Amino acid sequence: MEWTILVVFAVLVLLFLLRRAAAYQRMFSEAHFLEIAEGIARIKPIAQEQMEAPDTIQPVTFDDPRTLKTSQNLRVFYTVTRNEHLFEHHYSVSIAHGYTSTAVGEIFSLYVAHLLGFTSQQFSIQRSQRGIYHVEWQWKPDEQAAFARQAVKVPTREELPALRERLDEWRRNVFLQTVEIPVPDRETIKSPER
């Protein structure tokens, strides 16, 4: 009887691990990297057009056009706020309805930064207690104008292996800070009706 319980438990653990491995394989697939690049190319101009003033900031909802949700449930929210002399950019990376692992959060935060044309010295990455990755940077008006004109370059399948190696190297050198970010009440962020 004890062996039967151990075997059933071992099989369940093995099935769980195989399922997680398959999910990570899909998350880090070439097709998913290309889907993200195409999505960032779509939401970048929308975030530039829907720029907000600090006193008019509205909560981002899951159906906001500045939101990218991929086939693997990765979410990227991208907003731009115009202050008096600066343009403040922010995007967050998370898994919808689940915990965002360090590997997923860091790799895809860096990948989006790469797609937007950044180097690691130009932005900061922070992780909230809830496992949501936040990336922020600021531009002066002339930098903002140049950035807004710059198109997102969607990599080809042939370019992805070398790009992924660069992201892994970049990830080893990035400083990640875990910060306490106030969590809005449930009424602030609403998912779309299903």
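Above this text sits the structure in question.
Summary of the structure given here.

### Points about the pairing of strand S2 (residues 74–82)
Okay, so step 1: The buried count for S2 comes to eight of nine residues, which makes it a mostly enclosed element.
Okay, so step 2: Strand direction decides the pairing type here: strand S1 (residues 67–69) and S2, joined by three bridges, are antiparallel. For Lys69, the partnering residue across the bridge sits in S2 and is Arg75.
Okay, so step 3: What sits between S1 and S2 in their antiparallel hairpin is a turn of four residues, with Asn73 showing a positive phi close to 65 degrees.

### Focus on the packing of aromatic side chains
Okay, so step 1: Overall, the coordinates contain 11 aromatic pairs when judged by the stated rule.
Okay, so step 2: Measuring from ring centre to ring centre gives 5.1 Å for Phe33 and Phe108, while their planes differ by 45 degrees; the resulting arrangement is tilted. Placement of the pair is Phe33 in helix H2 (residues 30–49) and Phe108 in helix H3 (residues 102–115), with a sequence separation of 75 residues.
Okay, so step 3: Each ring, one from Phe33 and one from Tyr111, has its centre 4.8 Å from the other, and the planes form 65 degrees; the classification is edge-to-face. Remark: Tyr111 occurs in helix H3 and Phe33 occurs in helix H2; sequence separation between them is 78 residues.

### Re the pattern of salt bridges
Okay, so step 1: This structure, assessed with the given rule, holds four salt bridges.
Okay, so step 2: Arg171 is paired through a salt bridge with Glu106; the nearest N and O atoms lie 2.6 Å apart. Of this pair, Arg171 sits in helix H5 (residues 160–173) while Glu106 is found in helix H3, placing the two residues 65 residues apart along the sequence.
Okay, so step 3: Residue classification places Arg171 among the partly exposed positions, given a relative accessible area of 27%.
Okay, so step 4: The shortest N-O distance in the salt bridge between Lys153 and Glu159 comes to 3.1 Å.
Okay, so step 5: A relative accessible area of 54% means that Lys153 is categorised as exposed.

### Points about H3
Okay, so step 1: Taking 1.5 Å of rise per residue, the 14 residues of H3 would be expected to cover 20 Å, and the 20 Å separating its terminal C-alpha atoms lies within 8% of that figure.
Okay, so step 2: Counted residue by residue, H3 has 11 buried out of 14 residues, so it is predominantly covered.
Okay, so step 3: By the burial criterion, the buried members of H3 are Val104, Gly105, Glu106, Ile107, Phe108, Ser109, Leu110, Tyr111, Val112, Ala113 and Leu115.
Okay, so step 4: Looking one or two residues beyond H3, the residue adopting positive phi is Gly117, at roughly 90 degrees.

### Comments concerning the pairing of strand S4 (residues 124–128)
Okay, so step 1: Burial within S4 is extensive, with four of its five residues counted as buried.
Okay, so step 2: Relative to strand S5 (residues 133–139), S4 runs antiparallel, the two sharing four bridges. Counterpart to Gln126 in the pairing with S5 is His134.
Okay, so step 3: If you look at the hairpin formed by S4 and S5, you'll find four residues sitting between the two strands, and Gly131 has a positive phi there, around 80 degrees.

### A word on the packing of H2 against H5
Okay, so step 1: Look at H2 against H5: their axes get within 11 Å of each other, and the N-to-C directions meet at 80 degrees. Comparing their axes, H5 and H2 come out roughly perpendicular. Contact residues: Glu30, Phe33 and Leu34 in H2; Leu160, Arg164 and Leu167 in H5.

### Let's talk about the nonpolar core
Okay, so step 1: Counting 39 residues, the largest nonpolar core has Ile40, Tyr91, Tyr111 and Trp137 as the members making the most contacts within it.
Okay, so step 2: Mapped onto this core, the elements with two or more residues apiece are H2, S2, strand S3 (87–95), H3, S5 and H5.
Okay, so step 3: Sorting elements by how many residues they give to this core places H3 first, with eight residues.
Okay, so step 4: Ignoring any residue separated from it by four or fewer positions in sequence, one finds Trp137 in contact with Tyr78, Phe87, Glu88, His89, Tyr91, Leu116, Phe118, Gln122, Phe123 and Phe147.

Quick notes on the rules
- Residues numbered from 1 in each chain as written.
- Predicted model: local features only at pLDDT ≥ 70, side-chain atom pairs only at ≥ 80, totals over all residues.
- Heavy atoms only, no water.
- Buried < 20%, exposed > 50% of the residue type's maximum accessible area, 1.4 Å probe, protein only.
- Helix = DSSP H or I, 4+ residues; strand = E, 2+ residues; numbered from the N terminus.
- Pairing = 2+ DSSP bridges.
- Phe/Tyr/Trp six-rings, centres within 6.5 Å; stacked < 30°, edge-to-face > 60°.
- Salt bridge = Lys/Arg side-chain N within 4 Å of Asp/Glu carboxyl O.
- Expected span 1.5 Å × (residues − 1).
- Axes fitted to C-alpha atoms, helices over the stretch in contact; angles between N-to-C directions.
- Parallel < 35°, antiparallel > 145°, perpendicular 65-115°, else oblique.
- Contact = heavy atoms within 4.5 Å.
- Core = buried A, V, L, I, M, F, W, Y, C linked by side-chain atoms within 4.5 Å.

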